[in-house]
Amino acid sequence: FFALFWVVYVSVVIFALTRIISALFLKDTLQAAAADAEKRKKEALASLFASADSSGDGQITADEFSRFTKSSKTKKNLEELGFEADNPESLFEALGKGDGAISSDEFLSGVKGPAK
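Let me begin by describing the structure that accompanies this report. Keep in mind that what you see is a predicted model, and the values were worked out from it rather than measured.

1. Concerning the overall build of the protein
Piece 1. A count of helices and strands for the protein gives five helices and two strands.
Piece 2. Taken from the N to the C terminus, the helices and strands of the protein come in the order α-β-α-α-α-β-α.
Piece 3. Relative to its length of 116 residues, the protein is extended, with a C-alpha radius of gyration of 25 Å against a globular reference of 13 Å.
Piece 4. Each of the three principal axes of the protein carries a C-alpha extent, and together these read 85 × 25 × 25 Å.
Piece 5. In the protein, which comprises 116 residues, the share counted as buried stands at 23%.
Piece 6. Residue pairs in contact within the protein that sit at least 24 positions apart in sequence constitute 51% of those at least 6 positions apart.
Piece 7. In the form shown here, the protein has an accessible surface area of approximately 8300 Å², with 61% of it arising from carbon and sulfur atoms.
Piece 8. Charge-centre separation for the protein: the mean point of 14 positive side chains lies 9 Å from the mean point of 17 negative side chains.

Encoded structure:
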């Protein structure tokens with residue numbers, strides 16, 4: 001009788017340990033995937049900023065931003081991020097700090113944050 005109890009007990013413990021180890025591996029895998037996705041998003045936003053900065057000075061002026069948002073591809077990208085690209089002036093004001101230009105840091109933090 002005790003042998004049957006022992007076999008059931010050992011089986012349950014081994015099963016539980018296997019599930020715990022699997023959960024730990026899954027957690028690490030999901031964290032790595034999330035970090036990769038965040039890195040790809042940052043790279044895509046940096047590329048978007050670089051394409052908007054036609055002068056290459058690290059700042060987007062209102063004129064550059066207006067030209068940049070006329071592209072249908074750009075409008076689509078901004079709409080995917082949750083911004084209305086129909087009014088580039090208000091979007092420019094929301095992303096910038098009111099100094100007439102948007103820096104890379106302002107752009108990245110404004111696009112990630114609630115600057116709608």
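2. Observations concerning the packing of aromatic side chains
In this description, an aromatic ring pair is defined by two values, namely the gap between the centres and the angle between the planes.
Piece 1. A full pass over the atoms with the stated rule returns five aromatic pairs.
Piece 2. Geometrically, the ring pair formed by Phe65 and Phe68 is tilted, given 6.4 Å between the ring centres and 45° between the ring planes. Here Phe65 pairs with Phe68, and both are found in helix α2 (residues 62-68), just three residues apart, close to one helical turn.
Piece 3. An angle of 50° between the planes, with centres 5.7 Å apart, marks the rings of Phe65 and Phe92 as tilted. You can see Phe65 sitting in helix α2 and its partner Phe92 sitting in helix α4 (residues 88-95), a full 27 residues away along the chain.
Piece 4. Accessibility expressed as a relative area gives 1% for Phe65, which makes it buried.
Piece 5. Connected via pairs of aromatic rings, a cluster forms that spans Phe5, Trp6 and Tyr9.

The rules behind the values
- Residues numbered from 1 in each chain as written.
- Predicted model: local features only at pLDDT ≥ 70, side-chain atom pairs only at ≥ 80, totals over all residues.
- Heavy atoms only, no water.
- Helix = DSSP H or I, 4+ residues; strand = E, 2+ residues; numbered from the N terminus.
- Rg over C-alpha atoms; globule rule 2.2 N^0.38 Å.
- Buried < 20%, exposed > 50% of the residue type's maximum accessible area, 1.4 Å probe, protein only.
- Contact = heavy atoms within 4.5 Å.
- Areas by Shrake-Rupley, 256 points an atom, 1.4 Å probe, with all protein chains shown as cover.
- Lys, Arg positive; Asp, Glu negative; His and termini not counted.
- Charge placed at Lys NZ, Arg CZ, Asp CG, Glu CD.
- Phe/Tyr/Trp six-rings, centres within 6.5 Å; stacked < 30°, edge-to-face > 60°.

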